[in-house]
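Each chain, letter by letter, is given below.
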Amino acid sequence: MTPVFEDTRLEPVLRKVNEGQRLSFEDGITLYRSPDLLGVGWMSNAVRERLHGNTTYFNVNRHINPTDVCVASCRLCAFGKRAKDPKAYTMSLEQVWETAGRGWSEAVTEFHIVGGLHPELTLDWYCEMLRGLKQRFPQVHLKAFTMVEIGYLAQRTKLSVRETLERLREAGMDSLPGGGAEIFSERVRRIICDHKITGEQWLEVARTAHRLGLHSNCTMLYGHIETEEDRVDHLLKLRALQDETGGFVTFIPLAFHPDNTPLQHVPKTTGFADIREVAVARLLLDNIPHIKAYWIMMTPKIAQIAQRFGADDIDGTVVEEKIYHDAGATTSQNLRRSELLRLIREAGREPVERDTLYRAVQRSENVFTVLV
Ligand code: V47
């Protein structure tokens, strides 16, 4: 079927999409500049259905943030605090393990563990944390530490990134989440996150992880001071690394939440922009299998609509979220499995519970089996 586009500039892009050809930098700019969201969405939905049919994936997970103490003071962030801030917290190992198992009726398949760049927690402490989690929850996948945390731990421990990753993997780390990538443009990073590793370093840590056989996700933070060119450049850098390693599993576009950050004058993203971001990502990232509409960040309503605009995943139950809620998110901090199922079915999609690596999970009562 050939749609009739309101914006005829989309027609050359459609030809490429229909022929399965790779889109260029200029095509990316066209997609960002077109007001024809339905036209862009039609193409991204076609690609999404080619890849995943009618399936929308979700998982039953729990976020754990062991500390919000952070040496970086990024202007984009409302979560990180200085060690001497009376509101800062750092969990003990026992508190991490206790949080992991705390009062939730459904067995989780994944712990998503990220935190601030703490100046004193050692690599041994993190290894002990992972070992303790694996001992107590042997069937749960540990998706832990952004590339930024890995870079910082390596620097503090005076080990290479490779050795740091190997030590964490031996202790139980199964894969890495996609956070901390922000936007790779150095001009923008100098303003929003000048104490973080550079974009090139983020990509290098990901490359090293993938070469060790570890999978990871990837993200892009949009809706602050970046340009459309910065966004296309970011997506194409992820695509180039994926050509090399094949290690990225999912891309998650992250809308900037300005409240309680030094950038609070920046207006919040709109529903139109959030949906477009998902659609453009699906079209440009032709080699990354999954696009996640993270409901915590987008709201369940927009994440649901995104399932018809390129996304094939809605994330998970989450349980307790701090990074976005410190920055003013008003979404709930958890959704039950039944609520996720309802959102997905109402969008006309078939829900499939997955583990972190997208293997289907079968559940009976509070016990799950990963289907391989
Ligand atoms: O690393 C921080 C970003 C990330 C703000 O891999 C902010 O499956 C918006 O990475 N406004 C954390 N964004 C979230 C994240 C994530 C979420 C869900 C799933 C996965 C996955 C990864 O959020 C941070 C940073 O890039 N962030 N502060 C803010 N004020």
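For the structure itself, look to the data block above.
Conventions we followed
- Residues numbered from 1 in each chain as written.
- Predicted model: local features only at pLDDT ≥ 70, side-chain atom pairs only at ≥ 80, totals over all residues.
- Heavy atoms only, no water.
- Helix = DSSP H or I, 4+ residues; strand = E, 2+ residues; numbered from the N terminus.
- Rg over C-alpha atoms; globule rule 2.2 N^0.38 Å.
- Buried < 20%, exposed > 50% of the residue type's maximum accessible area, 1.4 Å probe, protein only.
- Contact = heavy atoms within 4.5 Å.
- Areas by Shrake-Rupley, 256 points an atom, 1.4 Å probe, with all protein chains shown as cover.
- Lys, Arg positive; Asp, Glu negative; His and termini not counted.
- Charge placed at Lys NZ, Arg CZ, Asp CG, Glu CD.
- Axes fitted to C-alpha atoms, helices over the stretch in contact; angles between N-to-C directions.
- Parallel < 35°, antiparallel > 145°, perpendicular 65-115°, else oblique.
- Left-handed = near helix turned anticlockwise from the far one by under 90°.
- Nonpolar A, V, L, I, M, F, W, Y, C, P; charged D, E, K, R; others polar.
- Near = heavy atom within 4 Å.
- Polar contact = N/O pair within 3.5 Å; in protein donor to acceptor, adjacent residues only side chain to side chain.
- Expected span 1.5 Å × (residues − 1).
- Arc of directions from axis to C-beta.
- Pairing = 2+ DSSP bridges.

Can you lay out the overall build of the chain for me, pointing to particular residues and giving the numbers?
The number of helices and strands found in the chain is 15 helices and 11 strands. Taking 372 residues into account, the globule formula puts the C-alpha radius of gyration at 21 Å, and the chain, at 20 Å, falls close to it. With the C-alpha coordinates aligned to their principal axes, the bounding extent of the chain is approximately 60 × 50 × 40 Å. By the burial criterion, 59% of the 372 residues in the chain qualify as buried. Of the contacts made within the chain by residues no fewer than 6 positions apart, 75% connect residues no fewer than 24 positions apart. Looking at the chain as shown, the accessible area adds up to about 15300 Å², and 51% of this sits on carbon and sulfur atoms. For the chain, the distance from the average position of its 47 positive side-chain charges to the average position of its 50 negative side-chain charges is 1 Å.

A description of the packing of helix α10 (residues 228-245) against helix α11 (residues 271-284) should follow, citing residues and the corresponding values.
Relative to each other, α10 and α11 sit at 40°, their axes nearing to 10 Å. It follows that α10 is oblique to α11 by the angle criterion. Relative to α11, α10 is oriented so that their crossing is right-handed. Side by side, α10 and α11 meet where Arg231, Val232, Leu235, Leu236 and Arg239 of the first sit next to Glu277, Val280, Ala281 and Leu284 of the second. The class makeup of the residues in the contact of α10 with α11 is six nonpolar, no polar and three charged.

Could you give an account of the site of the ligand, with specific residues and numbers?
In the vicinity of the ligand lie 23 residues, with Leu76, Lys143, Gly178, Glu182 and Lys292 positioned nearest. One of the backbone nitrogen or oxygen atoms of Leu76 is found 2.8 Å away from a nitrogen atom of the ligand. In the environment of the ligand, an oxygen atom lies 2.7 Å from a nitrogen or oxygen atom belonging to the side chain of Lys143. Burial of the ligand by the protein chains amounts to 95% of its free accessible area of 610 Å². Counting residues per element, the ones that place at least two in the shell around the ligand are β5 (216-222), β6 (248-255) and α14 (323-326). If one sorts the elements of the shell around the ligand by residue count, β6 sits on top with three residues. When grouped by side-chain class, the residues that make up the shell around the ligand number 12 nonpolar, seven polar and four charged.

Could you give an account of helix α3 (residues 37-52), naming the residues involved and the relevant values?
In this model α3 runs 21 Å from its N-terminal to its C-terminal C-alpha over 16 residues, within 8% of the 22 Å that 1.5 Å per residue would give. Residues Leu37, Gly39, Val40, Gly41, Met43, Ser44, Asn45, Val47, Arg48 and His52 constitute the buried set of α3. Once α3 ends, the next one or two residues include Gly53, with phi positive near 55°.

Which residues make up helix α7 (residues 161-171), and what values go with them?
Where α7 is concerned, the buried positions are Thr164, Leu165, Leu168 and Ala171. End-on view of α7: buried residues confined to an arc of 125°, all on one side of the axis. Of the surrounding secondary structure, the elements contacted by the buried residues of α7 are α5 (123-136), α6 (147-157) and α9 (199-211). Following α7 by one or two positions, Gly172 has its phi on the positive side, about 130°.

Summarise the environment of Thr219; cite the residues concerned and give the values.
Counting through the fold element by element, Thr219 comes out in strand β5. Here the alpha-carbon distance between Thr219 and Leu159, two residues 60 residues apart in the chain, equals 26 Å. Filtering out sequence-adjacent residues up to four positions away, Thr219 remains in contact with Gly178, Gly179, Gly180, Ala181, Glu182, His234, Leu238, Phe251, Ile252 and Leu254.

Help me get a handle on the environment of Val96, residues and values and all.
Mapped onto the secondary structure, Val96 falls in helix α4 (residues 93-101). Classification of Val96 by relative accessible area gives buried; the value is 0%. Measuring from C-alpha to C-alpha, the distance between Val96 and Ile64 comes to 7.5 Å, with 32 residues separating the pair along the chain. Excluding residues within four positions of it along the chain, Val96 makes contact with Ile64, Pro66, Met91, Trp125 and Met129.

Mind laying out the sheet that holds β6, listing which residues take part and the relevant values?
The strands that make up a sheet pair up through hydrogen bonds in the backbone, lying either parallel or antiparallel. Spatially, the three strands line up as an open sheet ordered β5-β6-β7, and their pairing is parallel. Looking at which strands have only one partner, the edges of the open sheet turn out to be β5 and β7 (290-291). As judged from the two bridges shared by β6 and β7, these two strands associate in the parallel manner. Within β7, the position partnered with Phe251 by the bridge is Ile291.

I'd love a proper account of the side chain of His52, names of residues and values included.
Within the secondary structure, His52 sits in helix α3. Excluding residues within four positions of it along the chain, His52 makes contact with Tyr57, Arg282, Pro289, His290 and Asp312.

Which residues make up the side chain of Gln242, and what values do they have?
With respect to the element layout, Gln242 can be found in helix α10. Setting aside residues up to four positions removed in sequence, Gln242 forms contacts with Gly247, Phe248, Asn287, Ile288 and Pro289.

In short, the description is geometric, and any link to function would need to be established separately.
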